[in-house]
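Inside the fold
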Amino acid sequence: IYSCCYLSRRLNQLSSHDPLWKRHCKKYWLISEEEKSQRNQSWKAIFISTYSDLGRYIRYYATLKKAWDDLEKYLGQRCPRMIGSLKESVREEDLDAVEAQIGCKLPDDYRCSFRIHNGQKLVVPGLMGSMALSNHYRSEDLLDIDTAAGGFQQRLGLKQCLPLTFCIHTGLSQYMALESVEGRNKYEIFYQCPDQMARNPSAIDMFITGTSYLEWFTSYVNKVVTGGYPIIRDQIFRYVHDKECVATTGDITVSVSTSFLPELSSVHPPHYFFTYRIRIEMSKDALPEKACQLDSRYWRITNAKGDVEEVQGPGVVGEFPIISPGRVYEYTSCTTFSTTSGYMEGYYTFHCLYYKDKFFNVTIPRFHMVCPTFKVSTARMVSAVVLLLICFVGFFETNHNEYAVDEDEDSTDTDEYEDRRRVLDIPAPSGRCPRHT
């Protein structure tokens, strides 16, 4: 309409009709009546001036601005110090300078987000979530554009990948692929996972966390602002709770939430690390004589192959909590699977405090743990193909020359032994906590 208004007087009049521009200002730029009155401009002038600055982001701006506004409002009430770590927006020329520095184009949805907020300072807690176990802590910051550019990767295994997040405790980052190289899709977001069984340092598997910046960021924000991730000690914890994962026995309710830890997991060898948070609560309407104490736990753990492990022991995480009407007890533990998924279920045994000879079991609902989608390193896939070719050639030569003698037989045996030793002598992932408690 704005372009056509110069061709027709009627269109010129129509293009100056402020209610028309009001709708577009609210739809594309989320301009409120209050903001309009502060700027003391017509809706048309506001739309044109905003478009001249942010027009290339018109497909993304409203979605990302709403996500940022919702996040700020939610955290402002629950984690106010986290709001203080957010940085102001950057300019177009700053983003252009980063593109020139790294030699790659940044996706428009990423650029748009940084026109709203330039990530956050390197502080704790991190905006992109935390996780704490008995001897392991992670808190991911959303990197500002300059810090991200400084961590841009060109090495094999992470070629043309830009870090989005960083944890100052673990060094963990989520990366975005800026080009479709090394088996990655353009703009795919992932946690790197070095292949511990490969000699080649470029053999890096990927735990996929998003298909685009817009999808990655807005889905995370939605989890936060809808209460999908709990706020614990002024931090966002990335536990996922299945609403069906609740069991009530008498006056006691047990619910479970889970989380996958990529920094303590590997694809090769298969080692998938999960943590779970259990909440035990007695109804506030229960009679006082229903107060009881937890004595022991029983777990039945099943992996994706159907293999079952049973664990029984005293207390939970070294404690024997007392549960009384209205009281809540929560604790965190962990488990590992050699398969990409599995589930746990079981029961707690309690004794009554008023009738000490009375024991009863409380059901722990079945809860599933599933590893996120991952991609296997192309470097390892190539190595596997080469190995198969070598084996095929060796088989062919052996079958066509029965009397062939390997003149370096001893050294070959030594190499094979060394390969086996390297494979078998793999250090275990560093994270450890009491399992199945």
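Residues numbered from 1 in each chain as written. Predicted model: local features only at pLDDT ≥ 70, side-chain atom pairs only at ≥ 80, totals over all residues. Heavy atoms only, no water.

**Quick look at the overall build of the protein chain**
Looking only at helices and strands, the protein chain features 12 helices and 20 strands. For the protein chain, the share of sequence-separated contacts (at least 6 apart) that also reach a separation of at least 24 residues comes to 63%. When the accessible area of the protein chain is evaluated, it comes to approximately 22,800 Å², of which 52% is carbon and sulfur surface. (Helix = DSSP H or I, 4+ residues; strand = E, 2+ residues; numbered from the N terminus. Contact = heavy atoms within 4.5 Å. Areas by Shrake-Rupley, 256 points an atom, 1.4 Å probe, with all protein chains shown as cover.)

**Considerations on the sheet that holds strand 8 (residues 204-210)**
Taken in spatial order, the 5 strands line up as 4-6-7-8-20 in an open sheet, and their pairing is antiparallel. Every other strand in the sheet has two partners, leaving strand 4 (161-163) and strand 20 (374-375) as the edge strands with one partner each. As defined by bridge partners, strand 4 adjoins strand 6 (residues 174-177) across 3 bridges and the pair is classed as antiparallel. Within strand 6, the position partnered with L162 by the bridge is M176. With respect to the sheet, helix 10 (residues 213-225) is in contact with strand 6, strand 7 (189-194) and strand 8, its orientation differing from that of strand 8 by roughly 60 degrees. (Pairing = 2+ DSSP bridges. Axes fitted to C-alpha atoms, helices over the stretch in contact; angles between N-to-C directions.)

**A word on the side chain of D109**
One can find D109 in helix 8 (residues 108-116). Buried and unpaired, D109 has R59 as its nearest opposite-charge partner, separated by 8.1 Å. A polar contact of 3.0 Å, which involves the side chain of D109, links it to the backbone nitrogen of L214. Discounting residues that sit within four places of it in the chain, D109 has contacts with Y60, L64, S212, Y213 and L214. (Buried < 20%, exposed > 50% of the residue type's maximum accessible area, 1.4 Å probe, protein only. Lys, Arg positive; Asp, Glu negative; His and termini not counted. Salt bridge = Lys/Arg side-chain N within 4 Å of Asp/Glu carboxyl O. Polar contact = N/O pair within 3.5 Å; in protein donor to acceptor, adjacent residues only side chain to side chain.)

**Some details on helix 5 (residues 61-78)**
With 18 residues, helix 5 extends 26 Å from end C-alpha to end C-alpha; this agrees with the ideal 26 Å at 1.5 Å per step. Restricting attention to buried positions, one finds in helix 5 the residues Y61, A62, L64, A67, W68, L71, Y74 and L75. (Expected span 1.5 Å × (residues − 1).)

**With respect to the confidence of the model for the protein chain**
On average, residues of the protein chain score 87 in pLDDT, and 84% of them reach the 70 mark or higher. Under a pLDDT of 50 for its full length, residues 395-431 has, in the predicted model, 14 contacts with residues more than four places off or in other chains. (pLDDT = per-residue confidence, 0-100.)

**Some details on the pattern of salt bridges**
In the structure shown here, the tally under the stated rule is 28 salt bridges. Here D69 ties to K65 by a salt bridge, and the two come within 2.9 Å at their closest N and O atoms. Highlighted residues: D69 and K65, both in helix 5, separated by 4 residues, approximately one helical turn. Judged by relative accessible area, which is 22%, K65 ranks as partly exposed. With a closest N to O distance of 3.7 Å, R138 and E140 form a salt bridge. E140 carries the same exposure label as R138, and that label is buried.

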